[in-house]
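Single-letter residue listing:
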Amino acid sequence: MESDIIGILIWAIIVTITLGILTLLVIRLRQKHGQDIQLMKDSIKQERKDAVDRSRNSLKGILGEQMSPLLPEFYSKYEPSDARFLGSPIDYVIFKNMSKFDKKTKDEENPIEIVLLDVKTGKSAKLDDLQISIKNAIDGGRISFDVIKPNIENLD
């Protein structure tokens, strides 16, 4: 009988120790899980903030491009009425002196000059590869004027 009580006590001690270990494991896992969830929440918050900041900067850039004829940096050099917005790959084609063009004097007093203009608003904004290629084409004299007269009478 005494050996039965000792056996039961030993099993009770083993079960208690096992339950204690399992309880500690569960507590540690919950803490780790809680830390992982908090890290995920923080990461999601940071990614959302970054996305909002990028979106805000993009919108500022688009707004800056389209509103630039109203800014002193623009109208100190060009007449806003001479500018035509393209947006891509170059922001503006400016027909400088077009607003001063007079059918009587034509090009003599105010010759029209064509300017391709790109507006850069960011701190590290620079021309992309396509824009550099366009600039190189102009600098290299690879620019021309063409007229197409479609035959619309035979389109039946």
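Here the structure is a predicted model, which is why all the values come from computation and not from measurement. (Residues numbered from 1 in each chain as written. Predicted model: local features only at pLDDT ≥ 70, side-chain atom pairs only at ≥ 80, totals over all residues. Heavy atoms only, no water.)

Moving on to the overall build of the chain. Counting secondary structure elements, the chain contains three helices and three strands. Ordering the α and β elements of the chain from the N terminus gives α-α-β-β-β-α. When its C-alpha atoms are laid out on the principal axes, the chain stretches across 130 × 50 × 30 Å. Here the chain holds 156 residues, and the buried ones make up 14% of them. For the chain, the share of sequence-separated contacts (at least 6 apart) that also reach a separation of at least 24 residues comes to 30%. Across the chain, the 23 positively charged side chains and the 24 negatively charged ones have centroids separated by 5 Å. (Helix = DSSP H or I, 4+ residues; strand = E, 2+ residues; numbered from the N terminus. Buried < 20%, exposed > 50% of the residue type's maximum accessible area, 1.4 Å probe, protein only. Contact = heavy atoms within 4.5 Å. Lys, Arg positive; Asp, Glu negative; His and termini not counted. Charge placed at Lys NZ, Arg CZ, Asp CG, Glu CD.)

Let us now look at the sheet that holds strand 2 (residues 92-96). The strand order across the open sheet formed by three strands is 1-2-3, and the pairing between neighbours is antiparallel. Two strands lie at the open edges of the sheet, namely strand 1 (83-85) and strand 3 (113-117), each paired on one side alone. The average angle at which neighbouring strand axes cross in this sheet is 20 degrees, direction not considered. (Pairing = 2+ DSSP bridges. Axes fitted to C-alpha atoms, helices over the stretch in contact; angles between N-to-C directions.)

Under the defined criterion, the tally for this structure stands at three aromatic pairs. Judged by centre distance (5.2 Å) and plane angle (70 degrees), the ring pair of Phe85 and Tyr92 falls under edge-to-face. Chaining the aromatic ring pairs together yields one cluster made of Phe74, Tyr78, Phe85 and Tyr92. (Phe/Tyr/Trp six-rings, centres within 6.5 Å; stacked < 30°, edge-to-face > 60°.)

In this section: helix 1 (residues 2-67). Between the first and last C-alpha of helix 1 there are 96 Å, a value that for 66 residues agrees with the 98 Å anticipated at 1.5 Å per step. Elements in contact with the buried residues of helix 1: strand 1 and strand 2. (Expected span 1.5 Å × (residues − 1).)

Apart from glycine, the bulk of residues carry a negative phi angle, and the bulk of peptide bonds sit in the trans form. Geometrically, the link from Ser88 to Pro89 is a cis peptide bond, its omega value of 0 degrees lying close to zero. We note that Asn97 has phi near 80 degrees; this positive angle belongs to a residue other than glycine. Structurally, Asn97 is set in the loop between strand 2 and strand 3.

By the definition in use, this model includes five salt bridges. Between Asp139 and Lys135 there is a salt bridge; the shortest N-O distance is 2.8 Å. Residue Asp139 and its partner Lys135 are located together in helix 3 (residues 129-139), separated by four residues, close to a single helical turn. Put simply, Lys49, Asp53 and Arg56 are held in one network by salt bridges that share partners. (Salt bridge = Lys/Arg side-chain N within 4 Å of Asp/Glu carboxyl O.)

Right, let's get into the confidence of the model for the chain. Confidence in the prediction for the chain averages 88 pLDDT; 96% of positions are at 70 or higher. Within the chain, no element has a lower average pLDDT than helix 1, which sits at 88, and none a higher one than helix 3, at 95. (pLDDT = per-residue confidence, 0-100.)

With that settled, consider the side chain of Asp91. Structurally, Asp91 can be placed in the loop between strand 1 and strand 2. Notably, Asp91 is buried but unbridged: the nearest opposite-charge side chain belongs to Lys120, and the N-O separation is 5.9 Å. With sequence-adjacent residues up to four places away left out, Asp91 is seen in contact with Glu65, Arg84, Phe85, Leu86, Leu117, Asp118 and Val119.

Below, the discussion takes up helix 3. With a side-chain oxygen positioned 3.1 Å from the backbone nitrogen of Leu130, the residue opening helix 3 is Asp128. Just downstream of helix 3 lies Gly141, where phi reads positive at about 80 degrees. (Polar contact = N/O pair within 3.5 Å; in protein donor to acceptor, adjacent residues only side chain to side chain.)

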